[in-house]
Amino acid sequence: MGLMRLRRTAVALAVGVVASGLAAAVPASAAPGTGGHHGGPRPSACRPANHLAKITEAPHSAGHHHYRVTLTAPRGYASCTLAGSPVDVRFSRDGKDSGLRAGRYGKQGHKVVLKYGHPVHFDIQVPTDARQVRADEVGFTLRAPGGEVPGTSFADGKLRVARGTLVGPVRAG
């Protein structure tokens, strides 16, 4: 083997190692909305890391305080279908779990679509006659028609919760 051919082989091998290292460092989906590396599917807006959730106070009803948790999907994520009330709902304040868990109310079979420009929400209903504690975060697991969406979503906002707190099904709007 000649010296020139040996150099070309060494250069080709070095370029291959650098190129494979760069390929491993580039994520399969470079940015939301651009699809995968080769135009694959966009990530689902229902996955916990792919939506935003905010808690706001809602109009009260007889015997209950209400809070609305609104989920919005940023531009570029794939739409997805949710159904029923979130599960494993827990409340915390300053990162400390309150120990309170929420039950569910309402019909659980209604389906809604979460997509960019079309937020969805669910209601947190808190009894006014129970001892309430302050919270600033809600952790929850969303449900889809076929089961639970993997992972825990989090919403931020000020609220008060108590034993007997219930969570309604996800609705459009």
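Along each chain, numbering runs from 1 in the same order as the chain's sequence is written. Per-residue local features are limited, in this predicted model, to residues with pLDDT of at least 70; the limit for side-chain atom pairs, both in listing and counting, is 80 or more; totals at the level of whole chains, interfaces and linings are taken over all residues. Hydrogen atoms and water are omitted, and side-chain values are computed over all heavy atoms in the structure.

## Here's the deal with unusual backbone geometry
Then comes step 1: Positive phi, close to 55 degrees, is recorded for Asp88, a residue that is not glycine.
Then comes step 2: Among the structural elements, Asp88 can be located in strand S4 (residues 87-93).
Then comes step 3: The cut-offs for exposure are 20% and 50% of the maximum accessible area for each residue type, with area from a 1.4 Å probe on protein chains only; residues under the lower value are buried, those over the upper are exposed, and the others partly exposed. On the basis of relative accessibility, which here comes to 48%, the residue Asp88 falls in the partly exposed class. Secondary structure follows DSSP: runs of H or I at least 4 residues long count as helices, runs of E at least 2 residues long count as strands, and numbering of each begins at the N terminus.

## Here's the deal with the environment of Gly84
Then comes step 1: Note on placement: Gly84 falls in the loop between strand S3 (80-83) and S4.
Then comes step 2: Placed 84 residues apart in sequence, Gly84 and Gly168 show a C-alpha to C-alpha distance of 7.6 Å.
Then comes step 3: Should any heavy atoms of two residues lie within 4.5 Å, those residues are counted as being in contact. Excluding its chain neighbours within four sequence positions, the residues that come into contact with Gly84 are Gln108, His110, Arg143, Pro169 and Val170.

## As for the packing of aromatic side chains
Then comes step 1: Stacked, edge-to-face and tilted labels apply to pairs of Phe, Tyr and Trp rings (six-membered ring for Trp) whose centres lie within 6.5 Å, assigned for plane angles under 30 degrees, over 60, and everything in between, in that order. Counted according to the given criterion, the structure contains 1 aromatic pair.
Then comes step 2: Relative to Phe140, the ring of Phe122 lies with its centre 5.1 Å away and its plane at 75 degrees, an arrangement referred to as edge-to-face. Linking Phe122 in strand S8 (residues 120-127) with Phe140 in strand S9 (residues 133-141), this pair joins segments that are 18 residues apart in sequence.
Then comes step 3: Its relative accessible area of 0% is what places Phe122 among the buried residues.
Then comes step 4: Looking at Phe140, the relative accessible area reads 0%, which means it is buried.

## Some remarks on the side chain of Ser153
Then comes step 1: Residue position: Ser153 is located in strand S12 (residues 153-161).
Then comes step 2: In protein, a polar contact requires one atom able to donate a hydrogen and another able to accept it; more generally it is a pair of N or O atoms within 3.5 Å, and residues adjacent in sequence count only if both atoms are side-chain atoms. Within the local environment of Ser153, its side chain forms a polar contact with the side chain of His51, the two groups lying 2.9 Å apart.
Then comes step 3: Once you skip the residues sitting within four places of it in the chain, Ser153 turns out to touch Pro48, His51, Val138, Gly139, Phe140 and Leu142.

## Some words on the nonpolar core
The tendency in soluble globular proteins is for nonpolar side chains to be buried as a group.
Then comes step 1: To form a nonpolar core, buried Ala, Val, Leu, Ile, Met, Phe, Trp, Tyr and Cys residues must be joined to one another through side-chain atoms within 4.5 Å. Formed by 32 residues in total, the largest nonpolar core has its most connected members in Leu82, Phe91, Ile124 and Phe140.
Then comes step 2: Breaking this core down by element, the ones donating at least two residues are strand S1 (52-61), strand S2 (64-72), S3, S4, strand S7 (111-114), S8, S9 and S12.

## What about the pattern of salt bridges?
Then comes step 1: The term salt bridge refers to a side-chain nitrogen of Lys or Arg lying within 4 Å of a carboxyl oxygen of Asp or Glu. Throughout the structure, instances matching the rule amount to 1 salt bridge.
Then comes step 2: Here Arg101 makes a salt bridge to Asp97, at a shortest N to O gap of 3.0 Å.
Then comes step 3: Using a relative accessible area of 45% as the deciding quantity, one classes Arg101 as partly exposed.

## Describing the environment of His121
Then comes step 1: Structurally, His121 can be placed in strand S8.
Then comes step 2: The buried category is assigned to His121, whose relative accessible area is 11%.
Then comes step 3: Sequence separation of His121 and Lys54 is 67 residues, and the distance between their C-alpha atoms is 9.4 Å.
Then comes step 4: When residues no more than four places from it in sequence are discounted, the contact partners of His121 are Arg68, Val69, Thr70, Pro169, Val170, Arg171, Ala172 and Gly173.
Then comes step 5: Only 3.1 Å separates the side chain of His121 from the backbone oxygen of Gly173, close enough to count as a polar contact.

## A look at the environment of Gln132
Then comes step 1: Looking at where Gln132 falls in the secondary structure, it is placed in the loop between S8 and S9.
Then comes step 2: Taking the C-alpha atoms as reference points, Gln132 and Ala162, 30 residues apart in sequence, are found 4.6 Å from one another.
Then comes step 3: In terms of polar contacts, Gln132 uses its side chain to reach the backbone carbonyl oxygen of Pro127, at 3.1 Å.

## Some remarks on a positive patch on the surface
Then comes step 1: In this analysis, a patch consists of residues with relative accessible area above 30% that form no salt bridge, clustered at 9 Å for like charges and at 5 Å for the nonpolar side chains Val, Leu, Ile, Met, Phe, Trp and Tyr. Throughout, the Shrake-Rupley method with a 1.4 Å probe supplies accessible areas, and for residues the shown protein chains are the sole cover considered. Under this rule, positive means Lys or Arg and negative means Asp or Glu; His and the chain ends count for nothing. To locate a charge, the coordinates of NZ of Lys, CZ of Arg, CG of Asp or CD of Glu are taken. Together, Arg93, Arg134, Lys158 and Arg160 give the surface a local cluster of positive charge.
Then comes step 2: Locating Lys158 in the fold gives a position in strand S12.

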